[in-house]
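So the chains spell out like this:
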Amino acid sequence: MPAHRLESLYTFKLLLLGPGESGKSTVLKQLKSIYDVKPTPAEVEECMKALHQNTLECMKVLCDNAELMGYEIKEEDMKKTAAWLQDEDLQYNDELITPDQAKAILALFHCEAIQNTFARRSEYWILDAVGYYVENVHRFAAPGFKPDEKDMIFCRIRTTGKNLETKLKVKFPGARMDDEPAQITYEVVDVGGQRNERKKWIRMFSDVKAIIFLVNLAGYDQVLFEDKDRNRMAEALEVFGQITGWKDESKRSVQKKNVIHGVDVFKNVPIYLLLNKKDIFEVMIKKNPLSKTFPDFKGGSKSDEALNFIKQKFKAKCPTSRDVTIFDITGVSRFDVKTAFRDIEKDLIAKNRPRIKAEIKNYILEQKKANKKDGCIIS
């Protein structure tokens, strides 16, 4: 079989799906780093600007919600900083933070009003990495700043109006047979997770070999960016049920505009569920009980009990004929992502090997028939 035909058989298209803020782009960036796909100068520049905008956006959210919650910023200089951050134009002019502004942001973040607001962040939307942005704002604002690998992982660039596609050429996982290539290729596609982006998912459904569905574990006590009255975990369960083909007419009706069409093509596609942001979850669960969102949870504040409960909730969203492999990870941990993906690789090879072998066999038979017609006999 020609090398290009063999390579195509061992090319697997993987879809990264999940609601917004679930960590899809973070996992993709980790995979690129693990398999030595270097960021381009344009991507580094985009990340640098995004870190500034992420910081400004989070601080604006905190200032806006401090007002709504009745927390007064008393110091005059901090009031001026808050007014600057709340200027709507600031979010759209790609302004970079200066060193003096970085000092002012850090001081404002630690004032009583903002800290009280930050403590109630489950009541409004804000980026999970807000602490990272504020703690590192002095670095971001330094002259000549260039993002390092950790910054690249933590920067948040919404996948809006575009799909991020990455080709990863990796060493064949596990034991390799003589007729199998030394490398296999993954085409990893990250599509936007917010509601207005999901209608575009169907465009990416063809020839998919696996779905990696991500869920933000911390979302049990958070709200959506696009719907402040909607719990993130509840949304994730609903979307996951649509992907798996689960149906229960007795439950909450799904608005037609939020339904994901075309998922019937996934009936025979393996789904790998990555419960992400375990590090944040383990901290949150000690302060904010899971029973607040799921009254049927009877456990305490132990993270393993709560995690097992959430796993069962997602398993219940699978039809009886559907088997889903579940991993719990911290997406910003290179080790967690690498370990989970290695297991996914091995499972994909095991599931696809019979199909690939059959296609190779059929190709050889067709070639023999063609050669016989041409008067050649191949022994």
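Residues numbered from 1 in each chain as written. Predicted model: local features only at pLDDT ≥ 70, side-chain atom pairs only at ≥ 80, totals over all residues. Heavy atoms only, no water.

## Quick word on the overall build of the chain
Then comes step 1: A count of helical and extended segments in the chain gives 14 helices and six strands.
Then comes step 2: Here the contacts in the chain between residues at least 6 apart in sequence split such that 76% fall between residues at least 24 apart. (Helix = DSSP H or I, 4+ residues; strand = E, 2+ residues; numbered from the N terminus. Contact = heavy atoms within 4.5 Å.)

## Description of the packing of helix α3 (residues 41-69) against helix α4 (residues 76-85)
Then comes step 1: Two elements in contact, α3 and α4, have axes separated by 9 Å at closest approach and are oriented at 115°. Overall, the two elements α3 and α4 adopt an arrangement that is roughly perpendicular. Relative to α4, the crossing made by α3 is left-handed. Touching Leu56, Met59, Lys60 and Cys63 of α3 are Ala82, Trp84 and Leu85, all from α4.
Then comes step 2: Looking at the contact of α3 with α4 residue by residue, the classes come out as six nonpolar, no polar and one charged. (Axes fitted to C-alpha atoms, helices over the stretch in contact; angles between N-to-C directions. Parallel < 35°, antiparallel > 145°, perpendicular 65-115°, else oblique. Left-handed = near helix turned anticlockwise from the far one by under 90°. Nonpolar A, V, L, I, M, F, W, Y, C, P; charged D, E, K, R; others polar.)

## Description of the nonpolar core
Then comes step 1: Ranked by size, the top nonpolar core spans 43 residues in total, and within it Met59, Leu62, Leu85, Leu108, Ile114 and Tyr133 carry the most contacts.
Then comes step 2: Sort the elements by how many residues they give to this core and α3 lands first, with twelve residues.
Then comes step 3: Other than its neighbours up to four places away in sequence, Leu85 contacts Leu56, Met59, Lys60, Cys63, Leu90, Gln91, Ile105 and Leu108. (Core = buried A, V, L, I, M, F, W, Y, C linked by side-chain atoms within 4.5 Å. Buried < 20%, exposed > 50% of the residue type's maximum accessible area, 1.4 Å probe, protein only.)

## Some details on helix α13 (residues 303-315)
Then comes step 1: Over its 13 residues, α13 extends 18 Å from the first C-alpha to the last, a length consistent with the 18 Å expected when each residue adds 1.5 Å.
Then comes step 2: For α13, the secondary structure elements touched by its buried residues are β4 (210-216), α11 (232-244), β5 (271-276), α12 (278-284) and β6 (324-328). (Expected span 1.5 Å × (residues − 1).)

## A look at the packing of aromatic side chains
Then comes step 1: Using the criterion set out here, one finds 14 aromatic pairs in the structure.
Then comes step 2: Judged by centre distance (6.4 Å) and plane angle (75°), the ring pair of Tyr132 and Tyr133 falls under edge-to-face. Taken as a pair, Tyr132 and Tyr133 share a single burial class, namely buried.
Then comes step 3: Clustering of aromatic rings is evident, with ring pairs tying together Phe12, Tyr35, Tyr186 and Phe341.
Then comes step 4: Positioned over the ring face of Phe118 is Arg121, at 3.9 Å from the centre of the ring.
Then comes step 5: The ring of Phe225 is capped by Lys228, whose NZ or CZ atom sits 5.5 Å from the centre of that ring. (Phe/Tyr/Trp six-rings, centres within 6.5 Å; stacked < 30°, edge-to-face > 60°. Lys NZ or Arg CZ within 6 Å of the ring centre and 35° of its normal.)

## Remarks on the pattern of salt bridges
Then comes step 1: In total, this model carries 24 salt bridges according to the counting rule given.
Then comes step 2: Here Asp36 and Lys38 are joined by a salt bridge, their closest N and O atoms 3.1 Å apart. The exposure classification of Asp36 matches that of Lys38, with both residues exposed. (Salt bridge = Lys/Arg side-chain N within 4 Å of Asp/Glu carboxyl O.)

## Brief notes about the confidence of the model for the chain
Then comes step 1: Per-residue confidence for the chain gives a mean pLDDT of 87, with 88% of residues at or over 70.
Then comes step 2: The least confident element of the chain, judged by mean pLDDT, is helix α10 (residues 195-198) at 57; the most confident is helix α8 (residues 137-140) at 98. (pLDDT = per-residue confidence, 0-100.)

## So, the side chain of Thr55
Then comes step 1: Mapped onto the fold, Thr55 is located in helix α3.
Then comes step 2: Thr55 gets classed as buried once you look at its relative accessible area, which sits at 0%.
Then comes step 3: A polar contact is formed between the side chain of Thr55 and the backbone oxygen of Leu51, at a distance of 2.7 Å.
Then comes step 4: Once residues within four sequence positions are removed from consideration, Thr55 is found in contact with Ile97, Ile105, Tyr133, Val137 and Phe140. (Polar contact = N/O pair within 3.5 Å; in protein donor to acceptor, adjacent residues only side chain to side chain.)

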